[in-house]
Amino acid sequence: MKRKQWLTVYLVFIGGMVLLGDTPGKETKILDSLLPREIKGWKAVEKDQFYNPHNIFDYIDGAGEVYRSYNFKELLVRRFTRKGKPDIVADFFKMGSSRDAFGVFTHDLEGEDVEIGQDSTYNAGLLSFWKGLFFISIYAEEETDETKEVVLSLGRFAALAIKEEGEKPDLLDLLPPEYVDKKSIHYFHNHMILNYHFFVSDENIFFLDQKTEAVLGTGFEKGEEYKLLLIRYPDTKKAAKAYRSFIEAYMPDAIEQGLVQTEDKRWTAAGVIGDKIIIIFNALSDISAKGMLKKLESKG
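Every value quoted in this text rests on a predicted model; they were computed, and no experiment measured them.

This part is about the overall build of the protein chain. Looking only at helices and strands, one finds eight helices and 14 strands in the protein chain. Considering the protein chain as a whole, with its 300 residues, one finds that 54% of them fall into the buried category. The contacts in the protein chain between residues at least 6 apart in sequence include a share of 63% that link residues at least 24 apart. Approximately 14,200 Å² of the protein chain is accessible, and the part contributed by carbon and sulfur atoms is 49%.

Taking strand neighbours across the sheet as the criterion, the six strands line up as β9-β10-β11-β14-β13-β12 in an open arrangement whose pairing is antiparallel. The sheet terminates laterally at β9 (186-188) and β12 (259-261), the two strands that pair on one side only. Going across the sheet, the axis of each strand differs from the next one's by a mean of 15°, ignoring polarity. Looking at chain direction, β9 and strand β10 (residues 213-221) are connected through three bridges and run antiparallel. Of the residues in β10, the one forming a bridge with F188 is A214.

This next bit is on the nonpolar core. In terms of nonpolar packing, the biggest core is built from 66 residues, with F188, F206, L229, F246 and I280 touching the most fellow members. At six residues, strand β14 (residues 276-283) tops the list of elements feeding residues into this core. Ignoring sequence-local partners within four residues, the contact set of I280 consists of Y226, K227, L228, W267, T268, A269, A289, M292, L293 and L296.

Now for the layout of surface pockets. When its volume is computed, the largest pocket comes out at roughly 330 Å³. Along the wall of the largest pocket there are 15 residues; nearest its centre are F105, L109, D119, K182 and K183. Only α4 (98-105) and β6 (119-123) provide two or more residues apiece to the lining of the largest pocket. Counting residues per element, the lining of the largest pocket draws most heavily on β6, at three residues. Residue classes in the lining of the largest pocket are distributed as five nonpolar, four polar and six charged.

With that settled, the discussion passes to the pattern of salt bridges. Enumeration according to the criterion identifies 19 salt bridges in this entry. Residue E46 is joined to R79 by a salt bridge in which the shortest nitrogen-to-oxygen separation is 3.9 Å. Here R79 lies in strand β4 (residues 72-80) and E46 lies in the loop between β2 (42-43) and β3 (49-51), a separation of 33 residues in the sequence. On the basis of relative accessibility, which here comes to 32%, the residue E46 falls in the partly exposed class. Judged by relative accessible area, R79 falls into the buried class, the value being 11%. Put simply, K85 and E146 hold a salt bridge, and the shortest N to O gap is 3.0 Å. With K85 in the loop between β4 and β5 (88-95) and E146 in helix α5 (residues 145-161), the pair connects residues that are 61 residues apart, well separated along the chain.

Right, let's get into the environment of P176. Here P176 shows up in the loop between α5 and β9. As a C-alpha pair, P176 and L296 span 120 residues in sequence and 7.6 Å in three-dimensional space. Beyond its immediate chain neighbours, meaning those up to four positions away, P176 contacts K295, L296 and K299.

An order of β3-β4-β5-β8-β7-β6 is seen for the six strands of this open sheet, with the pairing classed as antiparallel. The open sheet terminates on both sides in strands that have one partner only, identified here as β3 and β6. Neighbour-to-neighbour, the strand axes of this sheet turn through a mean angle of 10°, independent of strand direction. Two strands pair when backbone bridges link them, and β4 and β5 are joined in this way by eight bridges, in the antiparallel orientation. By the bridge assignment for β5, L76 is matched with F92.

A word on a positive patch on the surface. A grouping of K211, K238, K241 and R244 is seen on the molecular surface, where their side chains present a positively charged patch. Considering the arrangement of structural elements, one finds K238 in helix α7 (residues 236-250). By relative accessible area, K238 is classed as partly exposed at 41%.

Now for the pairing of strand β11 (residues 224-232). Within β11, seven of the nine residues are buried, which leaves it mostly tucked inside the rest of the structure. In terms of strand pairing, β10 meets β11 through nine bridges, oriented antiparallel. Bridge assignment links F220 to a residue of β11, and that residue is E225. Linking β10 back to β11 in an antiparallel pair, the connection comprises two residues, with K222 at a positive phi of about 55°. Pairing analysis gives six bridges linking β11 to β14, with the strands arranged antiparallel. The residue of β14 that forms the bridge with L229 is I279.

Cut-offs applied
Residues numbered from 1 in each chain as written. Predicted model: local features only at pLDDT ≥ 70, side-chain atom pairs only at ≥ 80, totals over all residues. Heavy atoms only, no water. Helix = DSSP H or I, 4+ residues; strand = E, 2+ residues; numbered from the N terminus. Buried < 20%, exposed > 50% of the residue type's maximum accessible area, 1.4 Å probe, protein only. Contact = heavy atoms within 4.5 Å. Areas by Shrake-Rupley, 256 points an atom, 1.4 Å probe, with all protein chains shown as cover. Pairing = 2+ DSSP bridges. Axes fitted to C-alpha atoms, helices over the stretch in contact; angles between N-to-C directions. Core = buried A, V, L, I, M, F, W, Y, C linked by side-chain atoms within 4.5 Å. 1 Å grid on protein atoms, 1.4 Å probe; cavity = no way out; pocket = protein on both sides within 12 Å on 5 of 7 lines; lining within 4 Å. Points joined across faces, edges and corners; volume = space filled by probe spheres on them. Nonpolar A, V, L, I, M, F, W, Y, C, P; charged D, E, K, R; others polar. Salt bridge = Lys/Arg side-chain N within 4 Å of Asp/Glu carboxyl O. Patch = residues over 30% accessible without salt bridge, like charges linked within 9 Å, V, L, I, M, F, W, Y side chains within 5 Å. Lys, Arg positive; Asp, Glu negative; His and termini not counted. Charge placed at Lys NZ, Arg CZ, Asp CG, Glu CD.

Structure (structure tokens):
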């Protein structure tokens, strides 16, 4: 099983097994109304569990920082059981913004789009989707044709129950579709998430924090993969400081400002425009790297 798929399944599966939780918060009634207590013979016979950013590690030991990094507010966990059938677990996250609901969805993009919510994936018994302020994952402990249908039915119920749709980060609009596959884009705030998807440095050389926004996308040139990273800072001074930090740490041997050939003979080009940093990693040539950078700078 691939690493990202394994991590997501692990988070949901372990989460479904832990039955600890604090007193529900003020969003409890809202979350409760968005899921049924019975569907197609599966019943929620156990008490729901509720978690917040302070006790999330009781539920997802060691990986709660992923959700905390996306500013989640409250989590409802509901387990559905049916005699002789695999259990199904629903994790219902209320996020701080629709941007973060979208962002945590983009943490794992493996799977087929099943057209539930605003974006969705289904893979090996696990359904993930987002809509409005919510990110939902629903997992069958064993995938069968029957459990797949129940998982998807639960997802459709929840998606219909959430009335409002959310806006995606406007930062995505700066990524030209001819350069980046829109289905590959990850949105995040901190360097832990960046390094999970594409390792740059052990140190936080971009000074990423909850006040920064970043998108990482994948493109292809002659069949070879490259990465495009775009980061927006609260102001131009912080962007300039982060740009200098990246140049000093990543490009000490640059042949010209913001351009370096790495040991694998690929090219990295970087620029700063206003409150944003733009970087192309692993381009096939200096010409293509600089060309993409120039196009992106013109949109910034």
